[in-house]
Every structure is written in C-alpha cells, then in structure tokens.
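Notes for the structure review
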Amino acid sequence: MVDKIECAKGIQAQFQLNYRQSAKTHFELDIDIDIPGQGITAIFGGSGSGKTSLLRCIAGLEQNATGSLMVNDELWQDTSVFVATHKRSLGYVFQEASLFEHLTAMGNLRYAIKRSAQTTNPELLTQVVSVMGIESILSQFPQQLSGGEKQRVAIARALLSQPKLLLMDEPLASLDTPRKLEILPYLERLRSSFNIPILYVSHAVDEIVRLADHLVIMEQGKVLAQGGITELFSRADLPLGVSNEVGAIVECKVVERDTQWHLMRVAFDGGELWLPNVANKDSNSQRIRVLASDVSLTLTSHTDSSILNVLSGQIAEIINDQDPAMSLVRLKVGKSYLLARLTQKSLQNLALTLGKSVWIQIKSAAIVR
Amino acid sequence: MNLSDGDMATIWLTLRLATTVTILLLILATPIAWWLARTNSWLKGLVSALVALPLVLPPTVLGFYLLLAMGPNGAIGQFTQALGLGTLPFTFWGLVVASMVYSMPFVVQPIQNAIEAIGNRPLEAAATLGAGPLDRFFTVVLPLAKPGFMTATILGFAHTVGEFGIVLMIGGSIAGETRVVSVQIYDHVEGLQYAQAHALSGVMIVFSFVVLLMLYTFQRKRKAVGMTYGR
C-alpha cells in the first residue's frame, strides 16, 4: 500500500493563482499538497474546484501562478525559479486528446520520442504501443480515429516522452461510457507496467476507487483533504460522491478459494470476508469497496441471518447525512474503518453512541481491483 | 497577341517586384500576425487598424504620404540618406517599400486567422512533450497554419502585381526600374496604342483569373479535409 509508505521524495506543491476575467468570474487557487512520488494520486473535486488549474500549475502552463514545486527532489518552481514547461520532465494528457492533426498517430509518438531527454529503446515503443493497444492504427491521422483511440494515442505519446511525472486531466471525461470502459483497463495496466508517478484529475468516484492509491480532495480552489485512499474513503465527513455512492475501501488478501460454493475468503486488517470468487488475474490482493448503504448494525450476533459477513467493531463517529432521515456512522474494525448509512430512528432504537461495540453485517461488497 | 520587348521587360519587372515584396512581407508579417493572434494588449486594436488602413485608403493617398516620407525631407528619406542609400522614390526599392505597406493586410490577416484557429492547446501539448518556442513554431504552428500562409502568399503576390496608383505616385514610369505592367498599360492607352494595351491587359486578366482559381480550389480542398470529423 503506497499510502502507508513515508516518502522522503514525493511531490511538494504550493501554489496561489488568481483568475479575474471579469468582476463576476473570480477564481482563486490556493493549495499546498505533499503527495508520494509514486503510484496514482487522484485529484478529486467538482467542476470549478480548481483541479485542472492545479495540474496546469504543476505543468508550468500557468505563468501567473506563484508558489513552489518540488518533484522528487527536483526544483521546478519557487520565488526565483520558473522552469519552462518544455524543460520539465512531464507528460500531460489533456481532457481532449489534443493530438497534432497534421501528423499520423505514429508521427505523434515520434514527436515525443524525438524530444525525450532519454534515448528511447525500441522495446519501450513496442511495449507502450501494445499496452495501449494501438498497433493497428499507427498509420492513421487523428481525424480518422475514434475518441477512445485518440485518447489512447495521447496517453502513449505522453508515456514515450519518458516523463518523471505523468499528469492526466480527466482523460475519460470527453468519452461516453462504453469508451470509458474501453480505456479503464489500459489505465490500470499503465500503473502496473510503468513506474511513473501519476496525478489523475477526476470527478468520477468509480474511476478513483479503481485507479488511485492516494487522494487529494479539492473544493473552491482549496485542498479539503489529502491522504491515502483507504483512509479518506472511510471518513464520514468528506463529500466523496452522492449519498448512495458513499462507501469505504478495504485492501484485502485472498486466503482461501472455495470452489464448491464459488466463494473466496479474503482477509484485511479488521477480519475476514466471504466474497463471490473471481478468478483473479495475477495477484491475490484485492481492493474492495463496501457501500455504506450495504452495511447494517446489530447489537447481538445473529446466526440465523442470511448475511454471510458479520464483523465486530466500535462506533467511531456519527455524522448527519444530507437526508434528514439518515446518518452516516463510521465504524472501527480492527485497524480498518467501514461506513454504514442508517436511519436516525435506528440509531435511537439501538441507542448507538460513540465507542459502542456492535456487530456489523455486510450485505455485499464490490471488488474494484 | 504579340508583346514587345518593352512589354516583356515590364512583365519581368512586375514579377521581380511581386516576388521580392511577397518574400519580405512573409518575413515581416508573420511576427505581426503572431502577436495580433495571441496578444491581449490594448495596442491590438491600434495595430490592427494601422495594418488594415491600406484596405480602405485610395492608393494615391498612401502613395502621396509615402512620397513625402521617403523624399529628401521626410523621415524615411533622412534615414536612408544617412545610411548613404540616397532617397527611395522613383527607384525599385522605393516601390518595394511602398508595395509592402500597401499589401500588408492581405498577408497579415490570413496568417493571423490561421494562427487564431490553431488555438493554444496544440502549443501547450507540444511544450509538455519538450518542444521549445522555436521548435513549436516550426513543427506545430507552421504546418497547422499552412493554408493561411498559402493564402497570404497568393494574395500578397497577386495584389502587388495588380497595384497601380501607388506605383505611379512613388515610382513613376522609369523603364527597367519602376515601369510595371499596370503603368505600361496606362502609357499604351495614353499613346493610343490600343493593340499593345489589349495584349498586356489580356495577360493580366488571365494571370489574375488563374491565381484566384488556384486560391479558391485550394481553399475548397482544405475545407473538405477539415470536414472529416470522428468516424
């Protein structure tokens, strides 16, 4: 788990930026983040929260931004230094693919290779092209490509400049759902195949839970919270998705596969769970998302319930939901946390208070990665 | 159609003038067009208006003031004299300078429009891939703005070939130095040499038509390519 490692290096960014196009459209960015120099860090927030501005500041595309930026011990900006964008070792994937229309897909890749600080060995080109699945479209011009294909070429192009940092600005936002589902596996392969830190801007919770290891939450140009993804997703006070999307993330290891019932037993820091068996690719580690609405609490242990997964834990926090009938309860289970969405009435009936020990019933859990 | 040696000389002089003016204008107009396309400065309106002035002014007005400016007492004249070049009126290079002023908007505007149409994004993408400012200009702006540069070249050249009033004011009619086709036709008509006037005018009509045909065919083709979005 990347978020548990204390990184001496990492990326330290601190920026102030003022936009004033007119009296009405005034936007101020004021952020200070310290994120690991490896893995995928998602920058999450609604539209207008300053996610893209932050990414553009890091890329040096906002010349009016003041502040400082260190990327893995390299100084890119402070009060007296401003390294120009083309001298920063970074890759940038824009929301729209932004390929060069006058070059073929291969021409676009060569553009990056030619300007890379490192020499590109042919194997890297072959690897990038095959990870992104663009072998068959290399000779085509951008106008001939679909949105998903263009975006894959754009990601390949960014990778081939062999950056020390990859910035991705909602690379899936301009695509429809089928195209999104087409690209997501490529992005997952990106994480496992190339050891580049990635900053991934998104407002889609489902993308973040699949991809990210670390999370920065932004609101109105400010950082609301930053930390490991399991930590932030189990907090009840953060606006991570609409109410029916709220849920904790748990990292687990598969300890047993039961072929008779098509189940598998997974262990995490707070106990064990039975889940439908998935013949999982290569690894035995699973990331699981437990939606708050799929969790219920009892005061006694039931053995006559259809619910397979029952854990014991304590109530760590109770917060009012946006819906006046509901509350969000944060539960400590071993070293992990889960969230449960309960009615205010149930809270009262069971006399649930902070620190109280409860049995936690989990109706279902989704395997997200 | 038989063209005399004198007519042929004016044709060659005209082509030499138009070529010189077009090449110099492309070099001078590109940075102006670039600046106009990207600046937010309040000076933009002022510079745009100055560049476009020849579009609305009678060439005689422009020619008159250029004549004064380039004359022995004018600012440009003083400057050229100080450099030991003498004065520019009634010389080939005087015509070049005047024609550059006159044809400027026809070269600046297409390039400016093309650069505006490219927008910022391809340049930002190139920068993130490690391309410096000059690299970006030659590998991104030039190829993407090529239609604009083609249009600017064709219009600048054709417009210089077709000028008359400003030539008469600045150049007069000195054989081999400033006597271009349009002036020669005027001289023929003045001398009641209608046959020669016909021949040269015919050449001009054919030339202008071919140039415009090239321009519009070229623009149509570009549009057709630009229409193929997505798949």
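Residues numbered from 1 in each chain as written. Chains lettered and ligands numbered in written order. Predicted model: local features only at pLDDT ≥ 70, side-chain atom pairs only at ≥ 80, totals over all residues. Heavy atoms only, no water.

Now for the UniProt feature "transmembrane region" (unreviewed entry) in chain B. Residue and element names in this part refer to chain B. Mapped onto this structure's residue numbering, the UniProt feature "transmembrane region" (unreviewed entry) falls at residues 12-37, 49-70, 90-108, 154-175 and 195-218. Segment residues 12-37 splits into 100% helix and 0% strand. End C-alpha atoms: 36 Å apart. Helix makes up 100% of residues 195-218 and strand 0%, with an end-to-end C-alpha separation of 35 Å. (UniProt positions renumbered as here; feature names shortened; annotations may be inferred. Helix = DSSP H or I, 4+ residues; strand = E, 2+ residues; numbered from the N terminus.)

Let us look at the packing of aromatic side chains. Taken as a whole and assessed by the stated rule, the structure comprises eight aromatic pairs over all chains. Geometrically, the ring pair formed by Phe-92 of chain B and Trp-93 of chain B is edge-to-face, given 5.5 Å between the ring centres and 85 degrees between the ring planes. Judged by relative accessible area, which is 4%, Phe-92 of chain B ranks as buried. Overall, the relative accessible area of 47% leaves Trp-93 of chain B in the partly exposed class. Arg-115 of chain A extends its terminal NZ or CZ atom over the ring of Tyr-111 of chain A, reaching a point 3.6 Å from the ring centre. We note Arg-38 of chain B situated over the ring of Trp-34 of chain B; from NZ or CZ to the ring centre the distance is 4.8 Å. (Phe/Tyr/Trp six-rings, centres within 6.5 Å; stacked < 30°, edge-to-face > 60°. Buried < 20%, exposed > 50% of the residue type's maximum accessible area, 1.4 Å probe, protein only. Lys NZ or Arg CZ within 6 Å of the ring centre and 35° of its normal.)

Right, let's get into the pattern of salt bridges. The full count for this structure, using the stated rule, is 16 salt bridges over all chains. Two residues, Arg-56 of chain A and Glu-62 of chain A, come together in a salt bridge whose shortest N-O distance is 2.8 Å. Just as Arg-56 of chain A is buried, Glu-62 of chain A falls in that class too. When salt bridges that share partners are traced, they join Arg-56, Glu-62 and Glu-96 of chain A together with Arg-121 and Glu-124 of chain B into one network. (Salt bridge = Lys/Arg side-chain N within 4 Å of Asp/Glu carboxyl O.)

With that settled, consider the confidence of the model for chain B. Residue and element names in this part refer to chain B. This prediction gives chain B a mean pLDDT of 89; 95% of its residues lie at or above 70. When mean pLDDT is compared element by element in chain B, helix 6 (residues 121-128) scores highest at 95, while helix 11 (residues 194-226) scores lowest at 81. Segment residues 224-231: pLDDT under 50, and nine contacts once partners within four positions in sequence are set aside and those in other chains are kept. (pLDDT = per-residue confidence, 0-100. Contact = heavy atoms within 4.5 Å.)

All names here are of chain A. Looking at the element boundaries, Trp-359 is found in strand 19 (residues 357-362). Taking the C-alpha atoms as reference, Trp-359 lies 38 Å from Lys-222; in sequence the two are 137 residues apart. If near-sequence neighbours (up to four positions away) are discounted, Trp-359 is found in contact with Ser-296, Leu-297, Thr-298, Leu-299, Thr-300, Ser-301, Val-310, Leu-311 and Ser-312.

All names here are of chain B. Following both chains from N to C, one finds helix 7 (residues 133-144) and helix 8 (residues 146-161) inclined at 65 degrees, their axes separated by 4 Å at the closest point. Note on element contacts: helix 8 touches helix 7 through Lys-146, Pro-147 and Phe-149, opposite Leu-142, Pro-143 and Leu-144. When the residues that make up the contact of helix 7 with helix 8 are grouped by side-chain class, the tally is five nonpolar, no polar and one charged. (Axes fitted to C-alpha atoms, helices over the stretch in contact; angles between N-to-C directions. Nonpolar A, V, L, I, M, F, W, Y, C, P; charged D, E, K, R; others polar.)

What follows concerns helix 1 (residues 5-38) of chain B. Between its terminal C-alpha atoms helix 1 of chain B stretches 49 Å, which fits the 50 Å expected from 34 residues at 1.5 Å a residue. At Ala-29 of chain B, helix 1 of chain B is bent by approximately 30 degrees, the largest bend along its length, and proline Pro-31 of chain B sits one to four residues beyond. (Expected span 1.5 Å × (residues − 1). Bend = angle between axes of the 7 residues up to and from the residue.)

This part is about a negative patch on the surface. Together, Glu-28, Asp-30, Asp-32 and Asp-34 of chain A make up a negatively charged patch on the protein surface. Note on placement: Asp-32 of chain A falls in strand 2 (residues 26-35). (Patch = residues over 30% accessible without salt bridge, like charges linked within 9 Å, V, L, I, M, F, W, Y side chains within 5 Å. Areas by Shrake-Rupley, 256 points an atom, 1.4 Å probe, with all protein chains shown as cover. Lys, Arg positive; Asp, Glu negative; His and termini not counted. Charge placed at Lys NZ, Arg CZ, Asp CG, Glu CD.)

Moving on, we get to the interface of chain A and chain B. If you look at the interface, chain A gives 23 residues, while chain B gives 23 residues. The interface formed by chain A and chain B holds three salt bridges in total. Linking Arg-56 of chain A and Glu-124 of chain B is a salt bridge whose minimum nitrogen-to-oxygen distance equals 2.7 Å. Taken together, the elements giving at least two residues each to the side of chain A that touches chain B come down to strand 6 (90-93), helix 2 (105-115) and helix 4 (147-160) of chain A.

We now examine the UniProt feature "domain: Mop" (unreviewed entry) in chain A. As annotated by UniProt and renumbered to match this structure, "domain: Mop" (unreviewed entry) occupies residues 304-369 of chain A. Taken end to end, residues 304-369 of chain A has its terminal C-alpha atoms 32 Å apart, with 9% of it in helix and 55% in strand.

This part covers unusual backbone geometry. Residue and element names in this part refer to chain A. Of note, Ser-98 is a non-glycine position whose phi angle comes to about 55 degrees, a positive value. On the secondary structure map, Ser-98 appears in the loop between strand 6 and helix 2. Relative accessible area serves as the criterion here: at 13%, Ser-98 is assigned to the buried category. Non-glycine residue Gln-162 carries a positive phi angle of around 50 degrees. Using a relative accessible area of 17% as the deciding quantity, one classes Gln-162 as buried.

For the rest of this paragraph, the subject is the domain arrangement of chain A. Residue and element names in this part refer to chain A. The domain architecture assigned to chain A consists of domain 1 (2-238) and domain 2 (245-367). Taken together, both faces of the contact between domain 1 and domain 2 bury some 1100 Å²; the carbon and sulfur share is 58%. Taken together, the links from domain 1 to domain 2 amount to one salt bridge. Arg-287 is the salt-bridge partner of Asp-213, the closest N and O atoms lying 3.9 Å from each other. Here domain 1 is connected to domain 2 by three residue pairs in polar contact (both at pLDDT 80 or more). For the side of domain 1 that touches domain 2, the secondary structure elements donating two or more residues are helix 6 (205-211) and helix 7 (229-233). Counting residues per element, the side of domain 1 that touches domain 2 draws most heavily on helix 6, which supplies five residues. Taken together, the residues of the side of domain 1 that touches domain 2 sort by class into eight nonpolar, two polar and five charged. (Domains from an automatic or database assignment. Buried area = accessible area lost by both parts, 1.4 Å probe. Polar contact = N/O pair within 3.5 Å; in protein donor to acceptor, adjacent residues only side chain to side chain.)

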